[in-house]
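# Coordinate inspection notes
Chain by chain, the residues:
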Amino acid sequence: MFAQVSQWVVWVPFLPLIGAMINGAYSFSGAKLVRPIVHWIACGSIGLSFLISAGTFLHFSTLPVESREVTVTLFNWILFDNLWADVALLIDPLTLVMMLVVSGVGTIIHVYSVGYMAHDHSYARYFSYLNLFCFAMLLLVMGANFFMLFVGWEGVGLCSYLLIGFWFTDKEKAVAGMKAFIVNRIGDFGFLIGLLILFWALHAVGYPTVSFSELKEAAPLLKDQTLWGLPVVTLVCLFFFVGATGKSAQIPLYVWLPDAMAGPTPVSALIHAATMVTAGVYMIGRLNFLYSMSPEALTIVAVIGFLTAAFAAVIAFAQNDIKKVLAYSTISQLGFMFGAMGVGAYVAGIFHLVTHAFFKACLFLGSGSVIHACSGEQDMRKMGDLKKWMPITFATFFTATLAIAGIFPLAGFFSKDEILWHTFNQKPLLWVVGVLAAIGTAIYMFRLVAMTFYGKLRLEGDARHHLHESPYSMTVPLILLALLSVVGGFLGFPNVLGHLFGFHETNHFGRWLAPVLAVHQTEESLLPHSVEYGLMIFSFLIAAVGCYVGYTLYTRRQDIPQKVVGRFPVLYRTVLNKFYVDEVYEVVFVKGLLRLNSALASFDLKVIDGLVNLSALLTRITSRISGFFDKIFVDGLVNLVANSTLWSSAIHRIQTGRIQSYLYYALGGVVVMLLYRIL
């Protein structure tokens, strides 16, 4: 069995990498662009990854539960004293779920991109980046240790920067890419601190490891470890969560994701709806055994998650850019996932991750179809009545909207209801926040549908005459994702509903993840089934009411929102401007850091450089004094000795060897002596 898995599964991440390398070389070679070659390589590589993932899943489904975990080691990577790590892949039920989502949704979005990016001059570069992202994301979810996960973690951050700023000649888009990169680096710093503390703590108990399988066994040894007066497990979980808030756009590091809509719409669908932004959720799921040891960390995760869900939903109410509404919707739904993780409902969180990938990818691609038809227009106030010109886009978009709103029996109902049910059992106050966020989701999503597809057509000029349905390369992926939004929820059909139809076990998704998550999942509440039925009905009713309110307010009763805006203009401007969080960050952090940078530069220039220059001046003065002393005194004495020697040596000139000369010298001496006597 191991040989069968290792033979094929290693190709899952590396096929997209090969596609990225080929298209990347093709892009920078300067050769004449042949588009079919590019998209066949790109779509084919990720498509093959999906087929291998599906085959591996089918193979694992035939194995006994206890045999559904395999580590495939490629080669040794780091071997240093007590630290060792291999380039290895961990294949288990959780990994397979993520592999299917990344490669499956990734394949659909690659195919969609063929139509959407058909006229872009950087066609090969785009698909190269897209393939590279899929490689990094697959490496992240398949890595058998922290180092492999972190390589993928940083890889998706890099690819996100490249794809958000894909049209880098536009300054706004280039800045958006840089913002995403920098904000993610802040979260990644927290992740690294958590990893270092974890390894230090494991080393202290004599079990240094970065392998997930070994960490699961060693985790109980950390129970009594403390650092800075706090439990080590809590510190590690919180620092990892800081990394998750950056990658998965939670308070306070969510600010990059709305600006990330500057990238091509398929990028928004793949990276910022279905895959990369779920990395933090996956990480907590992978480390569920660690988080379950820290109720404090779980509480913080739950609170941040549900607050983010409600906060982002409020902001989405006032956005007019179709992609910005979906961006804040993504932040809100990610909040639901973290809320589930925080109450210990790990299966529910991963289940919502999967269903969200279906309907949110459909919504983003649907918005891309709308933008494509409207000649690049993204302002919903300039749209309206598009269902007449775009029936397939409308039908699929409407289906996905019902799913995200939580309408039975679509996918979003089952996953969101399970989250709310577990939250009601564990933290009723947060359940209230979750319910409010769910109502808000239904309202702002039907506001989007009403403004885009209903009412009067408000487009003008060439955009009005350009309206048309998108090509099959774009509509077929929409249909597939809409179908998944309908049937995907039945993977996790609640057991309590299955009992009504005489089935013992209907939650196949939960049963599949049981070997990885169930042991640490929150135990079932002792509340009777009637309460769960009641909450299901309540969830459906609030979703239906929210849909009706959103549709009515922006079709037949548009006067009501206008009156609310007129009555509360300050509140409306505050929400429209996203509570001025970006502006606060600009003043406090960006300008604060710039001021600190200026102060440090001034200190460096005036103090550090001043001391260096003073030292240089003193050195010059000292050297001149030393040179003067050396020249006058030292060299003077040396020269005096030399000159004296020369002078004394001048006597040799009177030693001519001639007798008559000596007689003259003697006579001269006698004359001098006589004169001295006489005078």
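As the structure is a computational prediction, the values presented were derived from the model and not from experiment. (Residues numbered from 1 in each chain as written. Predicted model: local features only at pLDDT ≥ 70, side-chain atom pairs only at ≥ 80, totals over all residues. Heavy atoms only, no water.)

## Here's the deal with the overall build of the protein
Stated precisely, the cut-off is as follows: Secondary structure elements are defined from DSSP: runs of H or I of at least 4 residues count as helices, runs of E of at least 2 residues count as strands, and each element is numbered from the N terminus. The reference for a compact globule is 2.2 Å times residues^0.38; the radius of gyration itself is calculated from the C-alpha atoms. Each residue is placed in one exposure class: buried if its accessible area under a 1.4 Å probe, protein chains only, is under 20% of its type's maximum, exposed if it is over 50%, and partly exposed if it falls in between. Contacts are assigned to residue pairs that have any heavy atoms within 4.5 Å of one another. Here the Shrake-Rupley method, with its probe set to 1.4 Å, supplies the accessible areas, and only the displayed protein chains count as covering residues. We count Lys and Arg on the positive side and Asp and Glu on the negative side, and we leave His and both chain ends out. Lysine's charge is taken at NZ, arginine's at CZ, aspartate's at CG and glutamate's at CD.
A tally of helices and strands in the protein yields 28 helices and four strands. Computed over C-alpha atoms, the radius of gyration of the protein comes to 37 Å, more than 25% over the 26 Å expected from 2.2 N^0.38 for 679 residues, which places it beyond the range of a compact globule. Considering only C-alpha atoms, the protein reaches an extent of 155 × 65 × 55 Å along its principal axes. Per-residue burial over the protein gives 51% buried out of 679 residues. Contacts in the protein between residues at least 24 apart in sequence constitute 79% of all its contacts with a sequence separation of at least 6. With the model as given, the accessible surface of the protein reaches about 30800 Å², and the carbon-plus-sulfur share is 69%. In the protein, the 41 positive side-chain charges and the 36 negative ones have mean positions that sit 12 Å from each other.

## Comments concerning the pairing of strand β2 (residues 83-91)
The condition that has to hold: Whether two strands pair depends on DSSP finding at least two bridges between them.
Examined bridge by bridge, strand β1 (residues 70-80) and β2 share nine bridges and lie antiparallel to one another. Looking across to β2, one finds that Asn-76 is bridged to Asp-86.

## Re empty space enclosed by the protein
Counted only if it meets this: A cavity here means a set of points on a 1 Å grid, drawn over the protein atoms and nothing else, where a 1.4 Å probe fits but cannot get out; a pocket is an open set with protein on both sides within 12 Å along at least five of seven lines, and a residue lines either one if it has an atom within 4 Å of a point. Grid points are joined across faces, edges and corners, and a volume is the space filled by probe spheres set on the points. Under the convention adopted here, Pro, Cys and the residues Ala, Val, Leu, Ile, Met, Phe, Trp and Tyr are nonpolar, Asp, Glu, Lys and Arg are charged, and Gly plus all remaining residues are polar.
By the definition in use, this model includes one cavity of 30 Å³ or more. Considering only enclosed or pocket space, the largest cavity measures out at about 60 Å³ in volume. Looking at the largest cavity, the residues that line it are Ala-405, Gly-406, Gly-412, Phe-413, Lys-416, Asp-417, Leu-420, Ala-438, Ser-539, Ile-542 and Ala-543. Secondary-structure elements contributing two or more residues to the lining of the largest cavity are α18 (411-426) and α24 (529-553). A per-element tally of the lining of the largest cavity places α18 first, with five residues. The residue makeup of the lining of the largest cavity, split by class, is six nonpolar, three polar and two charged.

## Section: the packing of aromatic side chains
Pairs of aromatic rings are described using the distance from one ring centre to the other and the angle between the two planes. In plain terms, the rule: Any Phe, Tyr or Trp ring, taking Trp's six-membered ring, that has another such ring centre within 6.5 Å forms a pair; planes under 30 degrees apart are called stacked, those over 60 apart edge-to-face, and the others tilted. Lysine and arginine charges are scored as sitting over a ring when NZ or CZ, respectively, is within 6 Å of the ring centre and within 35 degrees of the ring normal.
For the structure on display, the rule yields 36 aromatic pairs. Centre to centre, the rings of Tyr-123 and Phe-127 are 5.0 Å apart; their planes meet at 70°, and the pair counts as edge-to-face. Highlighted residues: Tyr-123 and Phe-127, both in helix α5 (residues 123-142), separated by four residues, approximately one helical turn. In this pair, the class of Tyr-123 matches that of Phe-127, namely buried. In this structure an aromatic cluster arises from ring pairing among Phe-394, Phe-397, Phe-398, Phe-446, Phe-453, Tyr-454 and Tyr-551. Residue placement shows Arg-35 over the ring face of Tyr-123; its charged tip is 4.8 Å from the ring centre.

## Quick notes on the pattern of salt bridges
Pairing of side chains with opposite charge becomes possible as their charged atoms draw close. Quick note on the threshold: Here a salt bridge means any side-chain nitrogen of Lys or Arg lying within 4 Å of a carboxyl oxygen belonging to Asp or Glu.
Summed over the entire model, instances satisfying the criterion amount to eleven salt bridges. Lys-173 is paired through a salt bridge with Asp-170; the nearest N and O atoms lie 3.3 Å apart. Here Asp-385 and Lys-388 are joined by a salt bridge, their closest N and O atoms 3.4 Å apart. For Lys-388, a relative accessible area of 58% corresponds to the exposed category. Where salt bridges share partners, they join Glu-154, Arg-185, Asp-188 and Lys-247 into one cluster.

## Some details on the packing of helix α9 (residues 232-247) against helix α14 (residues 295-316)
Note the cut-off: Only the stretch in contact is used when a helix axis is fitted, and all axes are lines through C-alpha atoms; the angle between N-to-C directions ranges over 0 to 180 degrees. By the definition adopted for this analysis, an angle is roughly parallel if under 35 degrees, roughly antiparallel if over 145, roughly perpendicular if from 65 to 115, and oblique otherwise.
Viewed as axis vectors pointing N to C, α9 and α14 meet at an angle of 25°, and their least axial separation amounts to 8 Å. Compared by their axis directions, α9 and α14 come out roughly parallel. In this structure, α9 uses Thr-234, Cys-237, Leu-238 and Phe-241 to contact α14, whose residues at the interface are Glu-296, Ala-297, Ile-300, Val-301 and Ile-304. When the residues that make up the contact of α9 with α14 are grouped by side-chain class, the tally is seven nonpolar, one polar and one charged.

## A look at the state of the cysteines
Counted only if it meets this: By disulfide we mean two sulfur atoms from cysteines, separated by a distance within 2.5 Å.
The final tally for this structure, using the stated rule, is zero disulfides. Free of any disulfide, Cys-159 has its nearest cysteine sulfur in Cys-134, 9.0 Å distant.

## Describing the nonpolar core
Convention followed: Among the buried residues, those of types Ala, Val, Leu, Ile, Met, Phe, Trp, Tyr and Cys that are joined through side-chain atoms within 4.5 Å form a nonpolar core.
Counting 185 residues, the largest nonpolar core has Phe-133, Phe-146, Phe-240, Trp-256, Leu-287, Tyr-291 and Ile-350 as its most contacted members. With 17 residues, helix α16 (residues 346-373) is the single largest residue contributor to this core. Those residues in contact with Phe-146 that lie beyond four places of it in its chain are Phe-191, Leu-195, Leu-198, Val-210, Phe-212, Leu-215, Phe-240 and Leu-287. By size, the runner-up hydrophobic cluster in this structure holds 18 residues, among which are Ala-340, Ile-419, Leu-420 and Leu-535.

## A look at the confidence of the model for the protein
As a reminder, the rule being used: The pLDDT value expresses, per residue, how confident the predictor is, ranging between 0 and 100.
Across the protein, the average pLDDT comes to 89, with 95% of residues at or above 70. Within the protein, the element-level pLDDT minimum falls on helix α1 (residues 2-9), averaging 69, and the maximum on α14, averaging 96. Counting interchain partners and residues more than four positions distant, the pLDDT-below-50 stretch residues 519-524 has 19 contacts.

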